[in-house]
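These are the residues of each chain, in order.
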Amino acid sequence: MPSLPRTAAAVAVYGLVALIAAGAAAAGGGEQPLSRIAIHRATVSPQPGAFVDASPALLGLEGKDRGWVTVRYSNPKPSKDDWIGVFSPANFNDSICPSENQWVEPPLLCTAPIKVGLFPLSLLHVILGGFRTLTQIYTEGGFTFWQFQFANYTNCDYVNTGKGSLRFQLINQREDFSFALFSGGLSNPKLIAHSKSVTFINPKAPVYPRLAQGKSWNEMTVTWTSGYGTNDATPFVRWGIQGQIQILSPAGTLSFSRNTMCGPPARTVGWRDPGFIHTSFLKDLWPNAMYTYQIGHRLFNGSIVWGHQYSFKAPPYPGEDSLQRVVIFGDMGKAEVDGSNEFNDFEPGSLNTTNQLIKDLKNIDMVFHIGDIVYANGYLSQWDQFTAQVEPIASTVPYMVGSGNHERDWPESGSFYGNLDSGGECGVPAQNMFYVPAENREQFWYSMDYGMFRFCIANTEWDWRPGTEQYSFIEHCLSSVDRQKQPWLIFLAHRVLGYSSATFYAAEGTTEEPMGRESLQLLWQKHKVDIAMYGHVHGYERTCPVYENVCVAKGSDLYTGAFTATTHVVVGGGGASLADYSAVRARWSHAQDRDFGFAKLTAFNHTTLLFEYKRSRDGSVRDRFTVSRDYRDVLACGVDNCPSTTLAS
């Protein structure tokens, strides 16, 4: 078959990217903003007299991994559809575009901008009440990323004068940057002019460490990103008890290539080299001790490139009777603090959740982000942006993650669901960028003990039904816990395997993932799972203690005595666009909140557990309940969890 004309090829490939975005929106995850840019249709049309200048050209003074850039631009023939994009690497128009197949020729431009904003200034004034209000809202917490905006964003007279300026804050992402002026809007972009490159003093510097608990209770892992491969430098961590002798621990190095992606846009316009991901294992920690650590790379000339210094508190001894506080949520994603990269309420609450956790960090011991982590949807630059956003949290307390549909799902890739939600990533970035203590990181299910807690983290993007490998894992995780040491048994998963009033479940004639609780409720009941928590539905909902669709006990703010049934909680309001609830309220639905928020578990001791649901906007507690239970209550049997007995003496 003869090759398609270049224009037809561009439409064909971009059409698939648009289909992926539409599928993500239908799944309730929102459309990745970068997918709106028809970069395959872009043409190079230099405009005489047009220019883009960016200054300063050098960032990263004093070891900083963020820096401000002022961009000035001019177009003799301005239009309201002009826009400025931030690209990295800087030579985006010189990059080589691989063909998806023999019939599709590569486009002229094959790299999407790393940021996109879709609100013109006039609309922002309507929504936010003026630019001054916008500034006040989106500069709190120290996170400000200006990135791509329409050219008239801060200059109402741009269409008449053709001149304007913007300020951008870049993060260190291993490559240089350039700023490009386009006309033609997002659907028919024409490259008019672009700036000279802007770079960090050391683009390869180690950045954005992420802590995670290891496979044993007294092991902490540190994962970070850099531009140094094993042929360039040796990665390590210098660490030790605060104020005492520091030791060095080596780190392993991983990466992944375009060829490991499963489809577009991850293999095409969304691809960006992830650099190198390093993980070091800090072992034999003393319970509750404060440690300091610093990531570094020893170059082969003997010099050392250091990252920033951080600190963390070691986990408590398993079963230790002390105050232990764990935050849990799903579906947060990343967002831009100036409102760029946003439309259709894609991830408006992400920064509020991030900032609330930072404000309360001294009262948090661990975080679980149970799936739909970044919503990169095949645009790999977003993973760096997310790790930078959560750095203040993840560098201080263990940031444990689960796998969601936007990390894993892709047709014929082995996922339980054959949809397009991962944008061709098929789990590869997630299982490399974050460490989880799983036996097989591709499977992404694992158990974890933290003080008085046992957490069983399932992977709903793999089959969990009886007879499968994951079912055996879940059964072993629930059955092997010593409830005298760890009385609080928590089940975590991304998709709702329990109960939800979401309209998209109701439209399918169900209140859960098909074959969800039907496969697992006997295990939850038998092993007396206190709380099962899920994401996927973007909002909050709590059930009564429920078993087989019936409230075994009334919903309450206090549960005492013997276990009756598992309380199911949906806490998927981390930041992505909110879901809707069915008009008819089920009897098992005790509390709902269509807002952004997160859950917090506080174990005061072996007999008292506090659950709180907090809104991200202000940290207010909107729902709460306490479980008060002695060990003899744990041993007591209830519905379908009494062991068989005999009268024989």
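The rules behind the values
Residues numbered from 1 in each chain as written. Predicted model: local features only at pLDDT ≥ 70, side-chain atom pairs only at ≥ 80, totals over all residues. Heavy atoms only, no water. Salt bridge = Lys/Arg side-chain N within 4 Å of Asp/Glu carboxyl O. Helix = DSSP H or I, 4+ residues; strand = E, 2+ residues; numbered from the N terminus. Buried < 20%, exposed > 50% of the residue type's maximum accessible area, 1.4 Å probe, protein only. Disulfide = S-S within 2.5 Å. Pairing = 2+ DSSP bridges. Axes fitted to C-alpha atoms, helices over the stretch in contact; angles between N-to-C directions. Phe/Tyr/Trp six-rings, centres within 6.5 Å; stacked < 30°, edge-to-face > 60°. Lys NZ or Arg CZ within 6 Å of the ring centre and 35° of its normal. Core = buried A, V, L, I, M, F, W, Y, C linked by side-chain atoms within 4.5 Å. Contact = heavy atoms within 4.5 Å. Arc of directions from axis to C-beta.

### Some remarks on the pattern of salt bridges
Part 1 of the reasoning: Under the criterion given, the structure shown has 22 salt bridges.
Part 2 of the reasoning: Asp 365 is the salt-bridge partner of Arg 325, the closest N and O atoms lying 3.2 Å from each other. One end of the pair, Arg 325, is in strand E18 (residues 324-329); the other, Asp 365, is in the loop between helix H5 (350-359) and strand E19 (366-370), and 40 residues separate them in sequence.
Part 3 of the reasoning: Accessibility expressed as a relative area gives 9% for Asp 365, which makes it buried.
Part 4 of the reasoning: Residues Arg 542 and Asp 623 are paired through a salt bridge, measuring 2.8 Å at the closest nitrogen-oxygen approach. On the criterion of sequence distance, the pair formed by Arg 542 in strand E25 (residues 540-547) and Asp 623 in strand E32 (residues 621-628) is long-range, its members being 81 residues apart.
Part 5 of the reasoning: For Arg 542, a relative accessible area of 1% translates into the label buried.
Part 6 of the reasoning: You can call Asp 623 buried: its relative accessible area is 12%.

### Some points on the state of the cysteines
Two cysteines form a disulfide when their sulfur atoms are joined by a covalent bond.
Part 1 of the reasoning: Going through the model one piece at a time under the given rule, you end up with four disulfides.
Part 2 of the reasoning: Residue pairing for Cys 456: its cysteine sulfur links by disulfide to Cys 477, the two sulfurs lying 2.0 Å apart. As the torsion about the S-S bond is roughly -95°, the Cys 456-Cys 477 disulfide counts as left-handed. Taken together, the residues Cys 456 in strand E22 (residues 453-457) and Cys 477 in helix H10 (residues 469-479) connect sequence positions 21 residues apart.
Part 3 of the reasoning: The exposure class of Cys 456 is buried, given its relative accessible area of 1%.

### Considerations on the pairing of strand E13 (residues 233-241)
Part 1 of the reasoning: Pairing of E13 with strand E16 (residues 290-299), which is carried by nine bridges, proceeds in the antiparallel orientation. Across the sheet, the residue bridging to Trp 239 is Tyr 293, located in E16.
Part 2 of the reasoning: Strand direction decides the pairing type here: E13 and strand E14 (residues 247-254), joined by four bridges, are antiparallel. Looking at the pairing, Arg 238 lines up with Leu 248 of E14.

### A closer look at the sheet that holds strand E2 (residues 51-55)
Part 1 of the reasoning: In space, the three strands of this open sheet follow the order E2-E4-E7, with antiparallel pairing throughout. Every interior strand has two partners, whereas the edge strands, E2 and strand E7 (163-171), have only one. Direction aside, the axes of adjacent strands within the sheet are offset by 25° on average.
Part 2 of the reasoning: Of the strand pairs in this sheet, E2 and strand E4 (residues 66-74) are connected by five bridges, and their pairing is antiparallel. Across the sheet, Val 52 pairs through a bridge with Tyr 73, a residue of E4.

### A few points about the packing of aromatic side chains
Part 1 of the reasoning: Taken as a whole and judged by the stated rule, the model has 29 aromatic pairs.
Part 2 of the reasoning: When the centroid spacing of 5.6 Å and the interplanar angle of 75° are considered together, the rings of Tyr 559 and Phe 625 count as edge-to-face. Remark: Phe 625 occurs in strand E32 and Tyr 559 occurs in strand E27 (residues 558-560); sequence separation between them is 66 residues. One exposure class covers both Tyr 559 and Phe 625, and it is buried.
Part 3 of the reasoning: An aromatic cluster of three or more residues is present, and its members are Trp 239, Tyr 291, Tyr 293, Tyr 310 and Phe 312.
Part 4 of the reasoning: Just above the ring of Phe 434 sits the side chain of Arg 210; from NZ or CZ to the centre is 5.7 Å.

### Considerations on the nonpolar core
Part 1 of the reasoning: With 68 residues, the main nonpolar core has Ile 328, Phe 368, Tyr 399, Phe 455, Met 533 and Phe 611 as its most contacted residues.
Part 2 of the reasoning: Setting aside its immediate chain neighbours within four residues, Phe 368 contacts Val 326, Val 327, Ile 328, Phe 329, Met 400, Tyr 446, Met 448, Phe 455, Ile 457 and Leu 492.
Part 3 of the reasoning: Tyr 417, Val 481, Val 496 and Val 529 belong to the second-largest nonpolar core, a separate cluster that totals 27 residues.

### Brief notes about the sheet that holds strand E12 (residues 220-226)
Part 1 of the reasoning: The sheet built from seven strands is open, its strands ordered E11-E12-E15-E14-E13-E16-E17 with antiparallel pairing. Either end of the sheet is taken by a strand with one partner, and the two such strands are strand E11 (207-213) and strand E17 (304-313). Recorded for the sheet is a direction-independent mean angle of 25° between the axes of neighbouring strands.
Part 2 of the reasoning: In the sheet, E16 pairs with E17 via eight bridges, with the strands oriented antiparallel.

### Notes on H10
Part 1 of the reasoning: Three or more residues of H10 are buried, namely Gln 470, Tyr 471, Phe 473, Ile 474, Cys 477 and Leu 478. Looking straight down H10, one finds that the buried residues subtend no more than 160° of arc, so they occupy a single side. Seen from the open side of H10, the exposed residues pointing more than 90 degrees away from its buried face are Glu 469 and His 476.

It is worth stressing that arrangement in space is one thing and function is another; only the former is reported here.
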